[in-house]
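Below, each chain spelled out in residue letters.
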Amino acid sequence: MKRLLFTVLLISTFLGAHAQSTGLEGIVSEVDSSNNLSNAIISIYGTTLITESDDNGFFSFDRNVPVGDQILNISKDGYEEQFIPIDLGFGQRVKLNVALELTKKEKKRRARLVKDLKKSEKKKAKERENAIEKARKAKKKEDKRIAKEQRRALKKGNKVVVVYEPMTENPPSNESVSLTEKKVAVEEPYLINNKDEQLKRKYAQMMGVSMDDIRNIRLYEFVDEWIGTPYRMGGHGKEGIDCSAFTQKLLSGVFNYVPERTAQTMFNGGRDEEELYADVSAIRTGDLIFFNDTASEFDEITHVGVYLEHGFFVHSTSNRGSDGRNGVQISELESPTWKRKRVAWRRMKMKN
């Protein structure tokens with residue numbers, strides 16, 4: 001009897017040791033781009049075992065994995081859900097490479113963003129060409145005017161040809177004018193993009209800084225195109241847009257980066273993000289700022305904006321601004337309304 005009990009105990013110990021060494025691990029990636037996916041949810045169907053992929057797409061179950069036939073479930077927002085049958089034996093460690101495919105809705109959304117970006121770039125290129133052509137025509141017109149004045153002076157018999165030179169505040173009093181013909185020197189005009197100057201002046205006045213402090217013209221061109229657009233939950237166009245859709249359009253249009261769709265998933269992180277930060281002393285242009293009513297990272301993130309500079313950020317909000325309208329507007333980060341709701345900020349590793 002004692003020998004039987006000892007044998008049962010030995011077998012149980014052997015099986016228990018092997019069951020503990022049974023494991024499951026893998027990498028989750030995207031089918032189209034082969035990029036590894038973070039924050040994918042992995043669970044074993046019919047059990048309480050659940051985990052998520054890390055920044056490199058890696059996941060693992062190291063303990064208490066039941067042996068036998070199991071169903072592995074992998075899901076992520078914007079991707080088709082997958083169910084994978086697996087067979088785990090005692091002491092066995094299974095390694096998987098799982099590729100998730102984008103949903104049709106997500107593919108259409110990304111295609112639309114790329115299309116909007118190309119359309120915006122084409123429009124800006126056309127505007128630049130028009131500005132250059134306008135400057136050329138203005139120079140040509142000025143050259144004709146100067147030549148006409150020269151011909152008029154020569155026709156009258158004057159030997160003096162007018163030269164347009166800048167006047168000094170205190171010209172020498174003893175300098176005489178020679179009545180000999182001079183060669184006219186016409187300088188190339190300095191081309192100034194008046195639109196850029198107007199844009200700098202507008203937002204410098206709005207934020208109380210100098211025009212030299214407005215650096216990223218492409219960013220402010222985008223802001224100027226969307227500012228005043230009304231707020232609409234779930235909207236993503238000029239008729240109405242919510243905070244996450246506006247943030248997506250800004251990052252893709254200005255920084256060539258496509259983030260997650262909602263404020264919460266942006267907060268959770270994309271594929272190339274750094275850590276979250278609470279101290280705003282190191283925040284810089286393009287960083288994402290997250291808010292909720294409790295200012296707690298453990299509660300749902302309900303709002304997101306993009307930091308500009310000099311203590312200001314741009315966002316689409318249902319709150320009404322000083323003009324009495326909601327929607328896309330520029331707000332102060334340290335204003336009482338937004339300071340008490342601020343949770344954290346995140347710096348995306350974007351390709352500018």
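Since the structure is predicted, the reported quantities are computational estimates derived from the model, not experimental observations.

Trainee: So what about the overall build of the protein? Which residues, and what values?
Mentor: A tally of helices and strands in the protein yields seven helices and 15 strands. Of all intrachain contacts in the protein linking residues separated by at least 6 positions in sequence, the fraction that spans at least 24 positions is 53%. On the protein, roughly 22,600 Å² of surface is accessible, and the fraction owed to carbon and sulfur atoms is 52%.

Trainee: Pulling in residues and values, what's your account of the sheet that holds strand S7 (residues 93-100)?
Mentor: Spatial strand order, S4-S1-S7: three strands in an open sheet with mixed pairing. The open sheet is flanked by strand S4 (58-61) and S7, the only strands paired with a single partner. Ignoring which end each strand starts from, the neighbouring axes of this sheet average 20° apart. For strand S1 (residues 23-30) and S7, the ladder comprises eight bridges, and the chain directions are parallel. Bridge pairing in S7 places Leu24 opposite Val94.

Trainee: So, the pairing of strand S6 (residues 82-88): which residues are in play, and what are the values?
Mentor: Pairing of strand S5 (residues 68-75) with S6 involves seven bridges; the strand directions are antiparallel. Note that in S6 the partner of Ile71 across the bridge is Pro85. Counted along the chain from S5 to the antiparallel partner S6, the turn is six residues long, and its residue Gly78 has a positive phi close to 95°.

Trainee: Give a detailed account of the side chain of Thr247, specifying residues and quantitative values.
Mentor: Secondary-structure assignment places Thr247 in helix H5 (residues 243-254). A relative accessible area of 0% means that Thr247 is categorised as buried. Setting aside anything within four residues of it in sequence, one finds Thr247 in contact with Met266, Leu288, Val304, Gly305 and Val306.

Trainee: Report on the pattern of salt bridges, specifying residues and quantitative values.
Mentor: Inspection of the entire model under this criterion finds 21 salt bridges. Asp116 is the salt-bridge partner of Lys249, the closest N and O atoms lying 3.2 Å from each other. Taken as a pair, Lys249 in helix H5 and Asp116 in helix H2 (residues 104-155) lie far apart in primary sequence, 133 residues in all. Residue Lys249 is classed as buried on the basis of its relative accessible area, which comes to 10%. We classify Asp116 as partly exposed; its relative accessible area is 32%. Between Asp293 and Lys341 there is a salt bridge, with its nearest N and O atoms 3.8 Å apart. Of the two residues, Asp293 sits in the loop between strand S11 (288-291) and strand S12 (303-307) while Lys341 sits in the loop between helix H7 (336-339) and strand S15 (342-348), which places them 48 residues apart along the sequence. Overlapping salt bridges, with partners in common, bring together Glu30, Glu106, Arg109 and Arg110 in one network.

The rules we used
- Residues numbered from 1 in each chain as written.
- Predicted model: local features only at pLDDT ≥ 70, side-chain atom pairs only at ≥ 80, totals over all residues.
- Heavy atoms only, no water.
- Helix = DSSP H or I, 4+ residues; strand = E, 2+ residues; numbered from the N terminus.
- Contact = heavy atoms within 4.5 Å.
- Areas by Shrake-Rupley, 256 points an atom, 1.4 Å probe, with all protein chains shown as cover.
- Pairing = 2+ DSSP bridges.
- Axes fitted to C-alpha atoms, helices over the stretch in contact; angles between N-to-C directions.
- Buried < 20%, exposed > 50% of the residue type's maximum accessible area, 1.4 Å probe, protein only.
- Salt bridge = Lys/Arg side-chain N within 4 Å of Asp/Glu carboxyl O.

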